[in-house]
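Coordinate inspection notes
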Amino acid sequence: MPNHRNVKPFLKWAGGKGQLLPQLQMYFPTELEKGSIAKYVEPFVGSGAVFFYIAQYYGYLVREFWISDVNFDLMVTYKTIQQDVEALVERLSEIQTEYLQKDEAARKAYFYQMRSRFNQQRSQPNFREKLQANVERTAQIIFLNRTCFNGLFRVNSKGEFNVPYGRYKNPKICYADNLYNIAKVLQKTHIRCGHYTISESFIDGNSFVYLDPPYRPINKTSRFTSYSQFVFGDAEQLALRDFCLRLHAKGAKLMLSNSDPKNENPEDNFFENAYQGFSLYRLQASRHINSNKDKRGKINELLIANYPVSQNL
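Keep in mind that this is a model prediction, so the values were computed, not measured.

What counts and how
Residues numbered from 1 in each chain as written. Predicted model: local features only at pLDDT ≥ 70, side-chain atom pairs only at ≥ 80, totals over all residues. Heavy atoms only, no water. Helix = DSSP H or I, 4+ residues; strand = E, 2+ residues; numbered from the N terminus. Buried < 20%, exposed > 50% of the residue type's maximum accessible area, 1.4 Å probe, protein only. Contact = heavy atoms within 4.5 Å. Salt bridge = Lys/Arg side-chain N within 4 Å of Asp/Glu carboxyl O. Axes fitted to C-alpha atoms, helices over the stretch in contact; angles between N-to-C directions. Parallel < 35°, antiparallel > 145°, perpendicular 65-115°, else oblique. Left-handed = near helix turned anticlockwise from the far one by under 90°. Nonpolar A, V, L, I, M, F, W, Y, C, P; charged D, E, K, R; others polar. Core = buried A, V, L, I, M, F, W, Y, C linked by side-chain atoms within 4.5 Å. 1 Å grid on protein atoms, 1.4 Å probe; cavity = no way out; pocket = protein on both sides within 12 Å on 5 of 7 lines; lining within 4 Å. Points joined across faces, edges and corners; volume = space filled by probe spheres on them. Pairing = 2+ DSSP bridges. Expected span 1.5 Å × (residues − 1). Arc of directions from axis to C-beta.

**Concerning the side chain of Thr-189**
When you line up the elements, Thr-189 lands in strand S3 (residues 189–193). For Thr-189, a relative accessible area of 5% gives the class buried. Those residues in contact with Thr-189, other than ones at most four positions away along the chain, are Phe-51, Phe-65, Ile-67 and Gln-82.

This is the structure in structure tokens:
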């Protein structure tokens, strides 16, 4: 196992898997450690906690990495770090110096000015176009993520970033060493943007696929406005199940995360019914994003796999 560079996601992310990694790694397919997995594919990459972990610990065994997401701006950030990390670090350092020199009122005004520019400059993405590095837009995203309330990435139905200002005493905006190490990881990574089904063409029987889709709400009040403007309801969850069945037929190893409806309703068998023939496991996670601190705490999440994992536990 190679030396651990301590590469971490460059964005804070609601539902990020950093805290679950010690549990998740026990459920990886044994083929990953044996070296028989040629490709790692993550079609809902988000902040990439699982991707970065596997790239660091198994990168010497896996020949290809493929990451994608429907969020165009998110994938631009990955492409920018891959292609132009020096310029990004320089721009983030400038923003950090400028921001930290300001008093509280000026910081708040600076934040909303940056958010306004970000939303005004957004374009309607054509997912068929090749992603290009965009230093300024990537710097805006990282700045907003590091200084907004609760460190969220959230957009409304129009695709506009709508998280309010967060009051932080001394936020660090430019993690230069981490960005340089991420850039190294991304050199052997294929970056795509679009619906998760675009990954079907490059997934084969030697692939390990981790899917972390928008979670199914466990009750009527738990809906979280997503990091993209696209709806992901029960019909979409079942379409994802059908996608998984197609990948299963190819022989790919699949691992999927989702919410556990039984946290609220023990009779809710949505995922048991949807993923018949797959293995379902329950992992204990912490809920951090609820605005009511009394409702934050431990909660079960589902892990669904199409391979046996008992030998790892």
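**Description of unusual backbone geometry**
Its identity as a non-glycine residue notwithstanding, Asn-150 has a phi of 65°, on the positive side. As for its position among the elements, Asn-150 is in the loop between helix H6 (135–147) and helix H7 (176–186). Assessed through its relative accessible area of 32%, Asn-150 is described here as partly exposed.

**Let's talk about the pattern of salt bridges**
Going through the model one piece at a time under the given rule, you end up with 13 salt bridges. Linking Arg-167 and Glu-104 is a salt bridge whose minimum nitrogen-to-oxygen distance equals 3.3 Å. Of the two residues, Arg-167 sits in the loop between H6 and H7 while Glu-104 sits in helix H5 (residues 104–120), which places them 63 residues apart along the sequence. Note on Arg-167: relative accessible area 66%, which makes it exposed.

**Considering the packing of helix H4 (residues 72–100) against H7**
Taken N-terminus to C-terminus, the directions of H4 and H7 make an angle of 160°; their axes are 8 Å apart at the nearest point. Considered as vectors, H4 and H7 are oriented roughly antiparallel to each other. Handedness of the H4/H7 crossing: left-handed. Where H4 abuts H7, its residues Tyr-78, Ile-81, Gln-82, Val-85, Glu-86, Leu-88, Val-89 and Leu-92 lie against Ala-176, Leu-179, Tyr-180, Ile-182, Ala-183 and Leu-186. Looking at the contact of H4 with H7, its residues break down into twelve nonpolar, one polar and one charged.

**So, the nonpolar core**
Counting residues in hydrophobic clusters, the biggest one holds 73 residues, and the most contacted among them are Phe-28, Phe-51, Ile-54 and Tyr-78. Broken down by element, this core gets its largest block of residues, eleven residues, from H4. Excluding residues within four positions of it along the chain, Tyr-78 makes contact with Phe-10, Val-45, Gly-46, Ser-47, Gly-48, Phe-52, Ile-67, Leu-186 and Ile-191. In this structure, Trp-66, Cys-244, Leu-254 and Phe-271 belong to the second largest nonpolar core, which totals 23 residues.

**What about empty space enclosed by the protein?**
With the rule as written, the count across this model stands at one cavity of 30 Å³ or more. Counted as a void, the largest cavity has a volume near 50 Å³. Every residue along the wall of the largest cavity is listed here: Phe-10, Leu-92, Ile-142, Arg-146, Ile-173, Tyr-175, Asn-178 and Leu-179. Among the secondary structure elements, those contributing two or more residues to the lining of the largest cavity are H6 and H7. Residues that form the lining of the largest cavity fall into these classes: six nonpolar, one polar and one charged.

**Some details on the pairing of S3**
What you see with S3 is a clean split: Thr-189, Ile-191 and Cys-193 sit on the buried side and His-190 and Arg-192 on the side with no burial. Looking at chain direction, strand S2 (residues 64–69) and S3 are connected through five bridges and run parallel. Bridge pairing in S3 links Asp-69 to Cys-193.

**Quick word on the packing of H4 against H5**
Where H4 meets H5, the closest approach of the two axes is 14 Å, and the angle between their N-to-C directions is 155°. Between H4 and H5, the interaxial angle falls into the category roughly antiparallel. As H4 packs across H5, the resulting crossing turns out to be right-handed. Facing H4, whose interface residues are Asp-73, Ile-95, Glu-98, Tyr-99 and Leu-100, H5 presents Arg-107, Tyr-110, Met-114 and Phe-118. Classifying every residue of the contact of H4 with H5 gives six nonpolar, no polar and three charged.

**Some words on H5**
Along its 17 residues, H5 runs 24 Å from first to last C-alpha, staying within 8% of the 24 Å computed at 1.5 Å per residue. Turning to H5, its buried residues are Arg-107, Tyr-110, Phe-111, Met-114, Arg-115, Phe-118 and Asn-119. Across the axial projection of H5, the buried residues extend over an arc of 165°, all falling on one side. For H5, the exposed residues set more than 90 degrees away from the buried face come down to Ala-105 and Gln-120. Residues of H5 that are buried in the fold lie against H4 and H6.

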